[in-house]
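Here's the letter readout for the chains.
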2 protein chains.
Amino acid sequence: MLSIVILGTGNVAKHLFDAFLVQKSVKITQVYGRNPESLSYFEGNTKVTSDISQIKDADVLLIAISDDAIVEISKRLQDKKGLIVHTSGSVPLDALPKDSRCGVFYPLQTFSKERAVNFKEIPLCIEALTEEDHELLKQLAKSISDNVHRIDSNQRKSLHLAAVFANNFTNHMYHAAQEICEQNKVRFELLSPLIKETAAKALAISPYEAQTGPARRNNRGTIGKQLNQLHNEKLKTIYSLLSKSIQKTYGEKL
Amino acid sequence: MLSIVILGTGNVAKHLFDAFLVQKSVKITQVYGRNPESLSYFEGNTKVTSDISQIKDADVLLIAISDDAIVEISKRLQDKKGLIVHTSGSVPLDALPKDSRCGVFYPLQTFSKERAVNFKEIPLCIEALTEEDHELLKQLAKSISDNVHRIDSNQRKSLHLAAVFANNFTNHMYHAAQEICEQNKVRFELLSPLIKETAAKALAISPYEAQTGPARRNNRGTIGKQLNQLHNEKLKTIYSLLSKSIQKTYGEKL
């Protein structure tokens, strides 16, 4: 059985805790959180501490805290037995202590407290310095997901950047659509089937093939009319830039 | 039973044809297409013509052709008995002939030949000049969808604009993510669970609440690093503008 300590009490830490808790092959021996109040979620099911000097040894010490704090906390773990692993998309493996056994365990998904997560399908991107530690992380990852990938720090950095477009910026487009609906007193929910189909279609036939709309058809009449419809300068600038980008994408390749 | 003639042979025409064909309360009496070859899809199941003077009377004449051609073709239908209806999001009702019975039947979805469509859930936005014609369109719409809405031309124009953000621009973000993956030799498919969850989460808790990422947290360090990662000027400009827009959205309201 693998023993793990989880460091962190945020959304990623909670969802990983929930996923590992029900695995027979994994034992969560402790959860660390700086703020004692944040530990109440965990304390019925494992030991908890807010004193970093009290962190125990374990096969894997899993750091699930904000990117900026990873380097600092990992230095405090150097005397521990066990593999020191962070869960960030953007922090390279070599940011962890040079003389320790280190690794990365990056779940490529958006986590929030309001939404349950099915880890089975979530890509877990793992990286380690040695084959032995890679095997250890693979075993840990496979206990909760069927979608485990060996990804190096450069690839992970690219995936994280791609995810900013596919998640953060996509969501901001939904928000813009919602603003337009609200300003014009139509229900945003009417767009629900369109939003679902847009995602499904891009994944089924590729985003390049799935592109439609006035910019894709280079229909300048409609583009001009829609720009006039927008009174919000922020949305006007976004509409204009993205329409040009679509026109350029297809103009170049046609 | 309602009789309908469909004018047009593109994706919208084909999907509407398929949906109405299996309804007992609707009879498709004819399909018109300018190009005789484009009629082969329909001719086993109804009468077809490429001669506009041969179009028959029907309860509803359903125009499913490109926006630019709607006004022109509707003028050729003025002598017909029946309600003249177009299926466009952006063409107002009053673009149709003044002295005729007119309406709009706008399915708010993205259609492509590669993807089957479940009309039951698709919002059908209907508009007519008289209550009687509105009832007629409602009956027609309800025969294929459980999601029928009375929407006027201004609201429809807004929905169409919102759909450009929610579909066209969102898909372009997926395309950007795919470009980044390909340039860095990681599989775009790894983003599939993230893309699905992004859509589901925005619809469940609202895009405003669902926003995450470096711009949402106003994490300038990560924004700067990710901008440096991008070598494609087009993507750099998009990254920069959308990050600023997200920062502004949350900065203003925090």
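Cut-offs and rules
Residues numbered from 1 in each chain as written. Chains lettered and ligands numbered in written order. Predicted model: local features only at pLDDT ≥ 70, side-chain atom pairs only at ≥ 80, totals over all residues. Heavy atoms only, no water. Helix = DSSP H or I, 4+ residues; strand = E, 2+ residues; numbered from the N terminus. Buried < 20%, exposed > 50% of the residue type's maximum accessible area, 1.4 Å probe, protein only. Areas by Shrake-Rupley, 256 points an atom, 1.4 Å probe, with all protein chains shown as cover. Pairing = 2+ DSSP bridges. Axes fitted to C-alpha atoms, helices over the stretch in contact; angles between N-to-C directions. Parallel < 35°, antiparallel > 145°, perpendicular 65-115°, else oblique. Nonpolar A, V, L, I, M, F, W, Y, C, P; charged D, E, K, R; others polar. Contact = heavy atoms within 4.5 Å. Least-squares fit on C-alpha atoms with pLDDT ≥ 70 in both. Buried area = accessible area lost by both parts, 1.4 Å probe. Salt bridge = Lys/Arg side-chain N within 4 Å of Asp/Glu carboxyl O. Polar contact = N/O pair within 3.5 Å; in protein donor to acceptor, adjacent residues only side chain to side chain. Disulfide = S-S within 2.5 Å. Core = buried A, V, L, I, M, F, W, Y, C linked by side-chain atoms within 4.5 Å.

Draft legend 1. The overall build of chain A, seen in detail. When its secondary structure is counted, chain A shows 8 helices and 8 strands. Expressed along its principal axes, the backbone C-alpha trace of chain A runs to roughly 65 × 40 × 30 Å. In chain A, which comprises 254 residues, the share counted as buried stands at 56%. Accessible surface computed for chain A: about 11,400 Å², of which carbon and sulfur atoms make up 47%.

Draft legend 2. Spatial organisation of the sheet that holds strand 2 (residues 26–32) of chain B. All names here are of chain B. Ordered in space as 3-2-1-4-5-6-7-8, the 8 strands form an open sheet in which the pairing is mixed. Of all the strands in the sheet, just strand 3 (47–49) and strand 8 (148–150) have a single pairing partner and so form its edges. The average angle at which neighbouring strand axes cross in this sheet is 25°, direction not considered. Here 4 bridges tie strand 1 (residues 2–7) to strand 4 (residues 60–63), and the two strands are oriented parallel to one another.

Draft legend 3. Fine view of the packing of helix 4 (residues 153–183) of chain A against helix 4 (residues 153–183) of chain B. Relative orientation of the contacting elements helix 4 of chain A and helix 4 of chain B amounts to 175°, with a least axis distance of 9 Å. The angle between the axes of helix 4 of chain A and helix 4 of chain B places the two elements in the roughly antiparallel class. Of the residues contributing to the contact of helix 4 of chain A with helix 4 of chain B, the split by class is 24 nonpolar, 4 polar and no charged.

Draft legend 4. Fine view of helix 1 (residues 11–21) of chain A. Among the residues making up helix 1 of chain A, those that are buried are Ala 13, His 15, Leu 16, Phe 17, Ala 19 and Phe 20 of chain A. Elements in contact with the buried residues of helix 1 of chain A: strand 1 (2–7), strand 2 (26–32), strand 4 (60–63), strand 6 (102–107) and helix 3 (131–142) of chain A.

Draft legend 5. The relation of the copies chain A and chain B, seen in detail. Between chain A and chain B, which share one sequence, the superposing operator has a rotation angle of 180° and an axial displacement of 0.0 Å; the RMSD is 0.0 Å. Within this description, the copies of the chain are treated as partners about a two-fold rotation axis. Among all residues of chain A, the one whose C-alpha sits closest to the rotation axis is Thr 170 of chain A, at a distance of 2.5 Å. When you check the interface residues of chain A against chain B, 100% turn up at the interface there too, and the contact is symmetric in its surfaces.

Draft legend 6. Local environment of the interface of chain A and chain B. Facing 82 residues of chain A, the contacting portion of chain B comprises 82 residues. Across the interface of chain A and chain B, roughly 8,100 Å² is buried in total on both sides, 68% from carbon and sulfur atoms. Contact with chain B buries area across many residues of chain A, yet Arg 115, Phe 165 and Leu 190 of chain A alone supply 9% of it, more than any other trio. If you look at where chain A meets chain B, you find 2 salt bridges. Linking Glu 197 of chain A and Arg 115 of chain B is a salt bridge whose minimum nitrogen-to-oxygen distance equals 3.0 Å. At the boundary of chain A and chain B, one finds 32 residue pairs in polar contact (both at pLDDT 80 or more). Of all the elements in the fold, those that place two or more residues in the side of chain A that touches chain B are helix 4, helix 5 (192–205), helix 6 (207–210), helix 7 (220–229) and helix 8 (233–253) of chain A. Counting residues per element, the side of chain A that touches chain B draws most heavily on helix 4 of chain A, at 25 residues. Of the residues assigned to the side of chain A that touches chain B, the class counts are 42 nonpolar, 29 polar and 11 charged.

Draft legend 7. Representation of the environment of Ile 151 of chain A. Secondary-structure assignment places Ile 151 of chain A in the loop between strand 8 (148–150) and helix 4. Take Ile 151 of chain A: its relative accessible area is 6%, and that puts it in the buried class. In sequence terms Ile 151 of chain A and Phe 119 of chain A are 32 residues apart; their C-alpha atoms lie 18 Å from each other. In contact with Ile 151 of chain A, not counting residues within four places along its chain, are Cys 125, Ile 126, Glu 127, Arg 156 and Leu 159 of chain A together with Leu 190 of chain B.

Draft legend 8. A look at the state of the cysteines. Under the criterion given, the structure shown has 0 disulfides over all chains. Note on Cys 102 of chain B: no disulfide assigned, nearest cysteine sulfur contributed by Cys 125 of chain B at a separation of 18 Å. Cys 181 of chain B takes part in no disulfide bond, and the closest cysteine sulfur to it belongs to Cys 125 of chain A, at a distance of 10 Å. When its relative accessible area of 0% is taken as the criterion, Cys 181 of chain B is described as buried.

Draft legend 9. The pattern of salt bridges, seen in detail. All names here are of chain B. One pass over the structure, following the stated rule, counts 12 salt bridges over all chains. In this structure, Asp 133 and Arg 101 form a salt bridge, with 2.7 Å as the shortest nitrogen-oxygen distance. Taken together, the residues span a long stretch of sequence, with Asp 133 in helix 3 (residues 131–142) and Arg 101 in the loop between strand 5 (83–86) and strand 6 (102–107) at a distance of 32 residues.

Draft legend 10. Just the nonpolar core, in detail. Core analysis: the largest hydrophobic core is formed by 104 residues, its most contacted members being Leu 7, Phe 165 and Leu 191 of chain A together with Leu 7, Phe 165 and Leu 191 of chain B. Residue contacts for Leu 7 of chain A: discarding those within four places in its chain leaves Tyr 32, Ile 55, Leu 61, Leu 62, Ile 63, Ala 64, Ile 65, Ile 73 and Leu 77 of chain A. In terms of nonpolar packing, the next biggest core, distinct from the first, is built from 31 residues, Phe 17, Val 60, Leu 124 and Leu 136 of chain B among them.

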